[in-house]
Amino acid sequence: MLLVIILSVLSFSFLSTAHSLTELSTESNGFTTDLIHRDSIISPFYNPTSSHQDRIIKALQRSKFRADYFSLSSSASGNIPSAEMIAARGVYLMKLNVGTPPIEIHLYFDTGSIVTWTQCAPCYNCFRQNLPLFNPKASSTYKTVSSNSKTCKSVDGSYSRARDNTCSYALTYMNKSYSRGIVSSDTVRFNSTVLRDFIFGCGYENAGTYGVNMCGIIGLGKGQGSLITQMGPRIGGKFSYCLRYHDPFSNSSESSKIHFGNKAVVSGSGSVSTRLYFFRHVYAVGLKGISVGKKKLVLTNSLSNSSKILGLFNEKIVVDSGATLTYLPKKMYSALEAAMRKEIKLQHADPVDEMLRVCYKAPPDGKMKGIPVVTVHFVGADVKLSALNTFLKASESVYCLGFVPRNGVAIFGNLAQVNFLVGYDIKKMTISFKPTDCSKQ
């Protein structure tokens, strides 16, 4: 029995109670589990009746929703729980178990969140989900959190239920989605790893733009109560993932990998690192500029005020595994588009979506030729992107540039991260990138 997770954004924090992490692999003091592409044949979201174009358009919409969310959150004030939950329909999934005996639930896995919640039975007002609801009464390891505990007092949106001394929570998101229920704890399992007394929200009233294969959200952000924090010192605040290329026209059942602990350390030849920033529950890095081939384009510090990244994200770019596309300030994007058009000699094609502005017809052999290397210049780390990272396969015969313009928060999307081992070290606040054949991980 397993739990599935993808990427979403919300603001929510609490202190975890004492827990134990057992059955971790003794090798490298870490462990690894699978990430599944949303459109893979083994994904619970897989719809055999959807055309490839349908999937591409939905992926683009999800990217736009996430970009809209980051722009709104960058100008928001206060620590208000908020999110665009449609954006949680990410591209890669992770499987887990919850309860004793374990029950399969599907949750969005989010590096921009520090909360976990799932729908629970009996559900008074819930969105439809295909899997059975988690029933706390059926789990021998389930507990409620006391209303007078430190954990309860640190939960945003929590309040006391005096009658039974339980801690309740109420979360409302930007798109008016919400989750309300009881702050709880139970055993979480994935592969051979067991995380006991894991703190999460047991939601009895939930509504919003959720898919039928989703049961809730899990957070991998930096903060008390997140999955990383609750795993404790055994993983040392380290995790990494390696997203393999997913051909939308294939029926591949291969999965990507996510690593925890020392097994997640990214080092060796080809690896580069940069400082990691954390703003409003999302990870970001310093952005200096971008190059096409050997030609360096506009730098962030040369952009006009109207083109600069908003607020705390000024001259920063969010590293987001939930968005497909990469969003750049408009002036920087314009320079990139002009340089790519000049370098690429392939036949132009009409875009399949208005968001995609630069498209080409693929040669008869299906291989994109003459695509220059695009280098993203982070502060102290240059990440070189191949055609696989810069062009999205939009149809059987059309490839489109996976970068789009935006005056707002810049986003480094998951297409640009394919075939890179991306490692986070929360203690050192660094992020590392290493070119890797993720199909061999």
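See the structure printed just above.
Reference entry: report on the structure contained in this document. What you see is a predicted model, and the numbers here were worked out from it, not measured in a lab.

1. Considering the sheet that holds strand β25 (residues 391-393)
The antiparallel open sheet is built from three strands, whose spatial order is β22-β26-β25. Whereas interior strands pair on both sides, the edge strands pair on one side only; in this sheet they are β22 (359-361) and β25. Between one strand axis and the next, the sheet turns by 30° as a mean value, whatever way the strands run. As paired elements, β25 and strand β26 (residues 398-401) share three bridges and run antiparallel to each other.

2. What to know about the pairing of strand β10 (residues 166-172)
Most of β10 is tucked away: five of the seven residues are buried. Note: β10 against strand β11 (residues 178-190), five bridges, orientation antiparallel. Bridge pairing in β11 places Tyr-169 opposite Gly-181.

3. Details of the state of the cysteines
The full count for this structure, using the stated rule, is five disulfides. Disulfide pairing places Cys-152 opposite Cys-167 at an S-S distance of 2.2 Å. As the torsion about the S-S bond is roughly 85°, the Cys-152-Cys-167 disulfide counts as right-handed. In this pair, Cys-152 sits in helix α2 (residues 150-153) while Cys-167 sits in strand β10, placing the two residues 15 residues apart along the sequence. For the pair formed by Cys-152 and Cys-167, the shared burial category is buried. Here Cys-359 connects covalently by a disulfide to Cys-400, the sulfurs 2.0 Å from one another. Between Cys-359 and Cys-400, the S-S dihedral sits near 105°, and the bridge is therefore right-handed. Taken together, the residues Cys-359 in strand β22 and Cys-400 in strand β26 connect sequence positions 41 residues apart. For the pair formed by Cys-359 and Cys-400, the shared burial category is buried. With no disulfide of its own, Cys-215 lies closest to Cys-120 among cysteine sulfurs, the gap being 9.9 Å.

4. Let's talk about the pattern of salt bridges
Within this structure, the stated rule accounts for four salt bridges. Among the salt bridges present, the one from Glu-337 reaches Arg-357, with a minimum N-O distance of 3.6 Å. On the criterion of sequence distance, the pair formed by Glu-337 in helix α4 (residues 330-343) and Arg-357 in the loop between α4 and β22 is long-range, its members being 20 residues apart. Accessibility expressed as a relative area gives 13% for Glu-337, which makes it buried. Of the charged contacts, one joins Asp-437 and Lys-440 as a salt bridge, the two residues approaching to 3.9 Å between their closest N and O atoms. Residue Lys-440 is classed as exposed on the basis of its relative accessible area of 70%. The network of salt bridges with common partners includes Glu-337, Arg-341 and Arg-357.

Definitions and cut-offs
Think of each chain on its own: its residues are numbered from 1, step by step along the sequence as written. At least 70 in pLDDT is required for a residue's local features to be given in this predicted model, at least 80 for side-chain atom pairs to be given and counted, and no such filter applies to totals for whole chains, interfaces and linings, which use all residues. Only hydrogens and water are removed before side-chain values are computed, so all heavy atoms of the structure are retained for them. A pair of strands is considered paired only if DSSP assigns at least 2 bridges between the two. Helix numbering and strand numbering both begin at the N terminus, where a helix is a DSSP run of H or I of at least 4 residues and a strand a DSSP run of E of at least 2. A fitted line through C-alpha atoms represents every axis, and for helices the fit uses only the stretch in contact; the resulting angles, taken between N-to-C directions, go from 0 to 180 degrees. Exposed residues in this analysis have more than 50% of their type's maximum accessible area, buried residues have under 20%, and partly exposed residues fall in between, with area computed by a 1.4 Å probe over protein chains only. In what follows, a disulfide is any cysteine sulfur pair within 2.5 Å. The working definition used for a salt bridge is a side-chain nitrogen of Lys or Arg within 4 Å of a carboxyl oxygen of Asp or Glu.

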